[in-house]
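Results of the structural survey
Chain by chain, the residues run as shown.
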Amino acid sequence: MNDCIFCAIAAHEIPATFVREDDEVLAIRDVNPQAPVHVLILPREHIESVAELTPSQDGLWGRMLHVAQAIAEDEGIDETGFRLVVNTGKAGGQTVDHLHIHLLGGRQMTWPPG
Ligand code: 5GP
Ligand code: ZN
């Protein structure tokens, strides 16, 4: 057992609004949305961050990206555009140490990010 909040969500021990879910990958709405569309795509498996990914997980990472792409389509932001963000480590702004991709859209994004 671990005390990871995303593992608990993946196990349905903590409620979340699921957008998609399969054996490998899940997608939930962010509890504190930063854009009209703000979905988190995460592996069911506990991987801490991009810094921990191994070549054996290339397929899983590819699947996560395709899930993000499919949700962008479902949410109607694939043509207007969207942003994928993967905060990594402390200086990268990561606050939940379970790998996830932020899918943000539905408004104009700005650059540089904070
Ligand atoms: P990070 O800061 O690690 O890149 O992103 C973590 C994200 O998870 C934040 O945007 C935060 O709002 C979201 N988050 C934290 N706890 C929960 C939770 O219990 N449920 C959901 N749906 N999102 C959460
Ligand atoms: Zn976890």
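Quick look at the structure, then. Note that the structure is a prediction, hence the values are computed from the model and not measured.

The next point concerns the coordination of the zinc ion (ligand 2). Every protein donor of the zinc ion (ligand 2) is accounted for by C4 (SG), C7 (SG), H46 (ND1) and H98 (ND1), and the metal-donor separations fall at 2.0 to 2.3 Å. For the zinc ion (ligand 2), the 4 donor atoms in the first shell make angles of 104 to 118 degrees at the metal, so the coordination geometry reads as tetrahedral. One chain supplies every donor to the zinc ion (ligand 2), and in sequence these donors are spaced C-x2-C-x38-H-x51-H. With C7 in helix α1 (residues 5–10) and H98 in the loop between β4 (82–85) and β5 (101–105), this pair connects stretches of sequence that are 91 residues apart. Under the relative-accessibility criterion, H98 is labelled buried at 0%.

Let us now look at the layout of surface pockets. Considering only enclosed or pocket space, the largest pocket measures out at about 410 Å³ in volume. Contributing to the lining of the largest pocket are 22 residues, with F6, D30, V31, N32 and L40 lying nearest its centre. Broken down by secondary-structure element, the contributors of at least two residues to the lining of the largest pocket are α1, β2 (25–29) and β3 (37–43). Class assignment of the residues belonging to the lining of the largest pocket gives a composition of 10 nonpolar, 10 polar and 2 charged. Space inside the second largest pocket adds up to approximately 320 Å³. Around the second largest pocket, the lining is made up of 15 residues, and of these R83, V85, N87, P113 and G114 lie nearest the centre. Mapped onto the lining of the second largest pocket, the elements with two or more residues apiece are β4 and β5. Taken together, the residues of the lining of the second largest pocket sort by class into 6 nonpolar, 7 polar and 2 charged.

Cut-off values and rules
- Residues numbered from 1 in each chain as written.
- Chains lettered and ligands numbered in written order.
- Predicted model: local features only at pLDDT ≥ 70, side-chain atom pairs only at ≥ 80, totals over all residues.
- Heavy atoms only, no water.
- Donors = N, O, S within 2.8 Å, 3.2 Å for Na, K, Ca; no water.
- Tetrahedral: all angles 85-135°; square planar, octahedral: opposite > 155°, others 65-115°.
- Helix = DSSP H or I, 4+ residues; strand = E, 2+ residues; numbered from the N terminus.
- Buried < 20%, exposed > 50% of the residue type's maximum accessible area, 1.4 Å probe, protein only.
- 1 Å grid on protein atoms, 1.4 Å probe; cavity = no way out; pocket = protein on both sides within 12 Å on 5 of 7 lines; lining within 4 Å.
- Points joined across faces, edges and corners; volume = space filled by probe spheres on them.
- Nonpolar A, V, L, I, M, F, W, Y, C, P; charged D, E, K, R; others polar.

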